[in-house]
Amino acid sequence: MSWTFLLRRLLLAIPTLFGVAVIVFVLLRVVPGDPIAMLIGPGATEADIAELRRLYGLDESIALQFVYYLRDLAGGDFGTSISMRQDVMELVLGRLPVTIELCLVAMLVAVGLGGAMALAGAYWRGRSGEAAVDGAAGFILAIPDFLWALLFILFVVVFALDGLPISGRIGHDVAFRGATGFLLVESLLRLRLDAFGSVLLHTILPALALALPLAAIVARVLKTSINEAMTQDYILMARVKGFSRARIVGREALRNALVPTVTLTGVQFTFLVGGTVLVEKIFSYPGIGNMAIDAVINRDLPLIQGLVLTFAVLFIAVNLLVDVSYALLNPRMRHG
Amino acid sequence: MAEAAAVTGAASPTGGTARRLLANPRVVLGGAVLVFFALAALFAPLIAPHDPVEQDLLLQYVPPAWSDKAEAGYLFGTDNLGRDILSRLIYGARVALFVAVAAAAAAGLLGTALGLLAGYLGGWVDTVISRLVEIWMAFPAVLLSIVLVAVMGTGLHSVIIAIAVIDWTRFCRVVRAETMAQKQQDYVASAVTVGLGRMRILWREILPNVLPLLIVLFTLEMGIAVIVEAILSYVNLSLASDFPTWGGMISDGRKYVNQAPWLMILPILCVIALVLALNALGDGLKDALDPVMRR
Amino acid sequence: MTATPPAVGPTLSVRDLHLAIAGRRRDTPILRGVSLDIAPGEVHGLVGESGAGKTMIGKAVLGIQPSRARIAAGSVLFDGRDITHLPERERRRLMGRGMGLIPQDPMTSLNPAHRIGAQIADVLRLHLGLDRAAAGARTLELLNEVHIRAPERVVRQYPHELSGGMRQRVSIAIAFACRPKLIVADEPTTALDVTVQRQVLALIKRMQAQEDASILFVTHDLGVVAKICDRVTVLHGGRVLETGATRRIVEAPGHDYTRALIAATPRHDRPGGLLRPVPEALTARLDAEALAYDAARGSHG
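Summary of the structure given here. (Residues numbered from 1 in each chain as written. Chains lettered and ligands numbered in written order. Predicted model: local features only at pLDDT ≥ 70, side-chain atom pairs only at ≥ 80, totals over all residues.)

## Notes on the environment of valine 53 of chain B
All names here are of chain B. Short version of the rule: Under the DSSP-based scheme used, a helix requires at least four consecutive residues in state H or I and a strand at least two consecutive residues in state E, with every element numbered from the N terminus. The exposure scheme places C-beta atoms from the backbone and then counts, for each residue, the other C-beta atoms within 10 Å of its own, assigning buried at 20 or more, exposed at 12 or fewer, and partly exposed in between.
Structurally, valine 53 is set in the loop between helix H4 (44-47) and helix H5 (85-121). A count of 15 C-beta atoms within 10 Å places valine 53 in the partly exposed class. Taking the C-alpha atoms as reference, valine 53 lies 9.3 Å from leucine 81; in sequence the two are 28 residues apart.

Right, dumping it as C-alpha cells:
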C-alpha cells in the first residue's frame with residue numbers, strides 16, 4: 001500500500017476536524033443559554049459570575065473567543081475540568097485506553113461473530129441454515145446496543161449468573177495497577193493472567209452489547225458478497241480443481257467478498273464507538289463514554305468539549321483504519 | 001395517527017396502493033402494533049388503572065400478577081416508590097409517540113428542505129450542504145444529543161430539537177440523491193420549458209415525487225426517535241424523573257435490578273415492540289410504495 | 001491425423017445424454033440424447049453455434065452444470081465408470097488427476113484474490129499430496145512448460161497484473177498440473193487476440209501430445225477444429241448431427257448443416273473468400289426437428 005494514499009487520507013481528515021471544532025464551539029457558546037449558568041451553583045454572587053466569565057474568557061467578543069479557542073486546541077490545551085479540577089487532556093488520556101480496548105474487543109467480536117454467521121449462511125445457501133442466519137441477523141439488528149446491554153444485565157440477574165460481572169472493569173479482589181490504561185494488553189504482557197482474566201470477564205458483556213448490531217450488519221453484507229462471489233467463473237474453476245464446498249466458500253469466495261464488505265460496513269464501525277457512551281454508563285465501565293455522561297450531568301463545559309472532540313478524533317481514526325484495511329485487502333491497491 | 005394520514009394521502013392518487021399496503025404483512029403487523037400504542041397513548045387517562053405519579057410507600061416492589069406475592073389491581077406490579085407500572089407504561093407511550101412524531105417531523109422538514117435545495121440547485125449550495133452533512137457524520141450521535149439537551153436544558157422540546165438537529169442528515173442525503181435523479185426526468189424539463197420558476201418546480205413537481213420516500217424515512221426516523229428519547233430519559237435528560245417515560249423507568253429498573261428485575265423488563269419490551277413495529281412498517285412501506293417511486 | 005482404432009475402451013463415453021433446465025412451469029430441454037466417444041489421446045472437437053448445448057456437455061462431463069440443470073436420462077462414462085450421478089465427495093477425488101478444464105475466459109477464471117503461484121500449487125498439494133516446497137518447485141516447472149517468462153516473478157503476482165494470453169497459459173498449466181486423462185477445453189481461444197490465439201492453440205496441442213491426454217475441445221470455430229482435432233462431433237439444438245474424423249467431416253461433410261457451417265467459416269487459404277451465414281430455412285428445419293423429437297419423447301413418457 002502506498003504511503004501517499006495514507007497521507008492523503010490523513011490530510012483529508014484535517015478540514016473535517018476543523019469543522020467539528022467549529023461546531024462544538026457554536027454548540028457550546030452561541031446556543032441560547034449562558035454557559036456560565038451551566039457552571040455555577042445556585043448560591044453564586046454577581047462577583048463570582050464575573051470572575052468566572054473572565055476566567056473562561058467569556059467576557060471577550062465571540063470572534064476573539066473563537067480565536068483563543070482554536071489557539072488552545074492547536075496547542076493541545078483543552079482547559080481545566082470544573083468538576084474534577086484537573087487538566088482535561090490528562091483526564092481524557094487517562095480514560096481513553098479503556099474505551100479503545102473495549103472498542104477493539106467489541107470490533108473483534110463483531111467481525112468474528114458476523115463472519116461466522118456469514119460463512120454459515122453462505123455454506124448452507126438456499127437451505128434452512130441460510131434462513132436461520134438471516135432471521136438471527138434481522139432480530140439482532142432490530143434492537144439497539146444499549147437495549148442489548150440492559151437485556152444482558154437482566155439476564156445475568158434473573159438467572160443469577162454471578163460469575164459474569166455487570167459493572168466495573170476489573171475485580172476488586174485483583175491487585176493490579178497498570179502503568180498504562182491498556183489493562184488487557186499490559187496484564188497479558190506481564191503474564192498477570194488473573195488480572196487479564198478479570199478484565200476480560202468484565203469486558204465480555206459490554207463488548208458483546210456493542211458488537212451485536214455491527215455483527216448482524218457484517219453478517220448480512222458479507223453473506224451477500226460471498227453469494228455474489230460464488231457466481232463467478234473462478235468458483236467454477238475451484239470446483240473443477242476438486243475443492244470442497246467449505247474450502248470454496250471459506251477461501252476462494254471469502255477473500256473476494258472482503259473488499260465490498262469493508263466498503264459497505266465501514267461507517268458502522270464508527271457507530272460502535274459512539275455506542276460506548278451509553279453502554280459504558282450502563283455497565284459502569286470507566287471509559288470516556290461513561291465520563292462524558294458524568295461531565296454532562298455535572299455541566300462540566302471544558303470536559304464536555306474535550307470529550308466530544310476526542311470522540312470525533314476516534315471516529316476519524318476508525319475511518320482511517322477502515323481505509324487502511326480496505327487497501328490491505330484489495331490486491332489491486334496493494335501494488336498501486 | 002399522522003402515520004395513517006400520510007399513508008392514505010399517498011394512496012389516493014393510485015387506488016392499487018392501498019390494496020398493496022394491506023397485502024403486505026409487515027405493514028399490517030407493524031401498523032397494528034403502532035395503532036395499539038397510539039390508542040394507549042391517546043386514551044391514557046381513561047385506561048390507566050392508577051395515577052402514574054402517585055406514590056404508595058406501603059406498596060413498594062409489588063411483583064407482577066403472575067407472581068404469588070402479587071397485589072390485586074397491579075397487573076405489572078409497582079416500582080421502588082410504589083407507583084403502578086402498567087399506568088406508567090401507558091403514560092410513557094404518550095411521551096414516546098409524541099417525541100417520535102414531533103422529532104421525525106422536525107428532522108424531516110429540516111433535512112428535506114436542505115436536501116431539495118442541494119439536489120436541485122447543485123453548485124456551491126450543494127457543496128456547502130454536502131460538506132456539512134459529512135462533518136455532521138463525524139460526530140457521535142448519542143453524545144451529541146446528550147450534550148445538546150444539556151445545553152438547552154431538559155424537557156421534551158429540547159429532546160425534539162436535539163433529535164432534529166442530529167438526524168436531519170438522514171433525510172438530507174436521501175432526498176438530495178432522489179432530487180438529483182428526479183431532476184433528470186422529462187417532466188422537470190417540460191416544467192422548465194413551460195417557464196415555471198425554480199421554487200415552484202421544487203414545490204409542485206419534485207416534492208410530490210419524493211413524497212413516498214419521505215413517508216418511509218419518516219416511519220424509520222420515528223423508530224430512531226423512540227430509541228433516542230429512551231436514551232435521554234435513561235440518563236435523566238428528558239423529563240423530570242417522576243414523570244413516566246420508558247427510559248426513566250428502565251433507568252430506575254437498572255438501579256433496583258437486584259431487588260426487582262421486573263421494573264426493567266416491561267419498559268424494555270415496550271421500547272423493543274414499538275421500535276420493531278416502526279421498522280417493520282417502514283420496511284413494508286418501502287416494498288409496497290416502491291413501484292410508485294419508480295413511476 | 002486419422003485416429004487409430006482404440007485398443008482399449010474410450011476415456012470418455014457420453015451415452016444418450018438428456019439434460020434440461022428446470023423452469024417455473026416446465027423444463028427447457030438443452031441436450032437431446034447426445035452420444036460421443038473419446039479415445040485415449042484423442043482431441044475431439046465439439047462444434048456448433050451458440051445455444052447448441054456444447055458448453056453444457058463439457059459442464060455435465062465435469063459435473064459443474066448449473067444447479068437448475070437436471071440430467072433426465074443417459075450417462076457419462078469416464079474410463080468405463082459411470083460418473084453421471086457421482087456423489088460430491090467422489091466427484092472431487094476425480095477432479096485434478098482425472099479431469100481438468102481450460103476455461104473460456106481467462107480474465108474471470110483465475111481468482112483475483114490469490115497469487116498465481118498459490119492457484120497452481122494448491123491443486124498439486126490437494127491431489128498429489130506435495131508439500132509446500134515440492135509444490136512450489138513443480139509450479140515453476142509448469143510455468144516454464146507453458147512458456148511463461150520469469151516464472152519466479154509471476155508466481156508472486158496477482159491475475160490482474162497479467163495479460164489475457166499469460167492468464168490463459170496459467171489456466172493451461174493448472175489444467176495439466178496433475179496429468180489428467182481428460183481435459184475439457186471450453187472455447188479456450190475465443191476471448192483472446194488473434195495472434196495470441198495461434199500460440200495458445202499450439203501450446204494446448206503440444207501439452208496434449210506430451211501428456212498423451214484426451215481433450216474435449218468445445219468451439220464454434222471449424223477453422224480451429226481443422227487445426228487441432230482428430231475427430232469432430234457437430235451439434236445443433238442439443239442433438240448430434242454427425243460425427244467422424246476431422247478430414248472426412250471437413251472435406252466431405254455428410255449433413256447440410258455441417259456444409260453450411262463450413263461455408264460460414266473464414267478460411268486461411270482463401271482469405272478473400274465469400275462467407276455465407278447459415279441459411280435461416282435450414283436452422284428453422286433443424287429447430288422443427290428438435291421440437292418433433294421432444295414431442296415424440298414426451299409421448300413415450
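## Focus on the sheet that holds strand E10 (residues 239-245) of chain C
Residues and elements named next belong to chain C. This is how the line gets drawn: When DSSP finds two or more bridges between two strands, those strands count as paired. Between N-to-C directions, angles span 0 to 180 degrees; the directions come from axes that are lines fitted to C-alpha atoms, helices contributing only their stretch in contact. Whether two residues are in contact depends on their C-beta atoms, placed from the backbone: they are in contact if these lie within 7 Å.
Taking strand neighbours across the sheet as the criterion, the six strands line up as E6-E7-E8-E3-E9-E10 in an open arrangement whose pairing is mixed. Every interior strand has two partners, whereas the edge strands, strand E6 (99-102) and E10, have only one. Between one strand axis and the next, the sheet turns by 15° as a mean value, whatever way the strands run. Bridge analysis of strand E7 (residues 182-186) against strand E8 (residues 214-219) gives five bridges, and the strand direction is parallel. Bridge assignment links alanine 185 to a residue of E8, and that residue is phenylalanine 217. Packed on one face of the sheet, helix H7 (residues 164-176) meets E6 and E7 and runs near 175° to E6.

## Points about the environment of glutamine 55 of chain B
Residues and elements named next belong to chain B. Looking at the secondary structure, you find glutamine 55 in the loop between H4 and H5. Between the C-alpha atoms of glutamine 55 and phenylalanine 43, which are twelve residues apart in sequence, the distance is 22 Å. With residues up to four places along the chain from it excluded, the contact list for glutamine 55 reads Leu81, Gly82 and Arg83.

## So, the sheet that holds strand E5 (residues 81-82) of chain C
Where strands meet in a sheet, backbone hydrogen bonds hold them as pairs that are either parallel or antiparallel. All names here are of chain C. Read across the sheet, four strands follow the order E2-E1-E4-E5 without closing on themselves; strand pairing throughout is antiparallel. Each end of this open sheet is capped by a strand with a single partner; those strands are strand E2 (28-38) and E5. Across eight bridges, the pairing between strand E1 (residues 12-21) and strand E4 (residues 69-78) is antiparallel. Bridge pairing links serine 13 to leucine 77 in E4. Sheet strands in contact with helix H1 (residues 54-62) are E1, E2 and E4, and its direction is about 110° off that of E1.

## Some words on the nonpolar core
Spelled out, the test is: Note on terminology: a nonpolar core is any set of buried Ala, Val, Leu, Ile, Met, Phe, Trp, Tyr and Cys residues joined through C-beta atoms within 7 Å. Segmentation into domains, and thus their bounds, comes from an automatic or database assignment.
In terms of nonpolar packing, the biggest core is built from 263 residues, with Ala106 of chain A together with Ala103, Ile146 and Val226 of chain B touching the most fellow members. If one sorts the elements of this core by residue count, H5 of chain B sits on top with 21 residues. Shared between two domains, this core takes at least three residues from each, and those domains are domain 1 (3-74) and domain 2 (96-334) of chain A. Residues within four places of isoleucine 146 of chain B in sequence aside, it is in contact with Ile293 and Val296 of chain A together with Leu232, Val235 and Leu237 of chain B. Listed in part, the six residues of the second largest apolar core include Leu184, Ala195, Phe196 and Val199 of chain A.

## Quick word on the interface of chain B and chain A
Under the convention used in this document: Following the grouping adopted for this structure description, the nonpolar residues are Ala, Val, Leu, Ile, Met, Phe, Trp, Tyr, Cys and Pro, the charged ones are Asp, Glu, Lys and Arg, and the polar ones are all others, Gly among them.
Every contact between the two is made by 31 residues of chain B and, on the other side, 35 residues of chain A. Sorting the residues of the side of chain B that touches chain A by element identifies helix H6 (123-137), helix H7 (141-152), helix H10 (198-234), helix H11 (246-255) and helix H12 (262-294) of chain B as the ones contributing at least two each. Among the residues forming the side of chain B that touches chain A, the class breakdown is 26 nonpolar, three polar and two charged.

## Quick notes on the interface of chain C and chain A
Across the contact, 23 residues belong to chain C and 16 residues belong to chain A. Top element by residues in the side of chain C that touches chain A is helix H4 (residues 116-128) of chain C. It accounts for three residues.

## A word on the packing of helix H12 (residues 288-297) of chain A against H7 of chain B
Selection rule: Angles are sorted into four bins: roughly parallel if under 35 degrees, roughly antiparallel if over 145, roughly perpendicular if 65 to 115, and oblique for all others.
The interhelical angle for the contact between H12 of chain A and H7 of chain B, taken along N-to-C directions, is 10°, at an axis separation of 10 Å. What the angle tells us is that H12 of chain A and H7 of chain B run roughly parallel. Across the interface between the two elements, Ala292, Ile293 and Val296 of chain A from H12 of chain A touch Leu143, Ile146, Val147 and Ala150 of chain B from H7 of chain B. Looking at the contact of H12 of chain A with H7 of chain B residue by residue, the class counts come to seven nonpolar, no polar and no charged.

## Describing the pairing of E7 of chain C
Residues and elements named next belong to chain C. The following threshold applies: Handedness of a crossover is defined as follows: with both strands directed away from the viewer, a clockwise route from the first strand across the helix to the second makes it right-handed.
Most of E7 is tucked away, with five of its five residues classed as buried. The pairing of E6 with E7 spans four bridges and is parallel. Within E7, the residue paired with methionine 99 across the bridge is leucine 182. The parallel pair E7 and E8 is bridged by helix H8 (residues 194-211), and the resulting crossover is right-handed.

## A short note on the pairing of E2 of chain C
Look at any regular strand and the pattern is simple: side chains alternate between the two faces of the sheet. All names here are of chain C. Across eight bridges, E1 lies against E2 in antiparallel orientation. Paired with leucine 12 across the bridge in E2 is isoleucine 38. With antiparallel pairing between neighbouring strands as the criterion, E1 and E2 make up a hairpin whose turn holds six residues.

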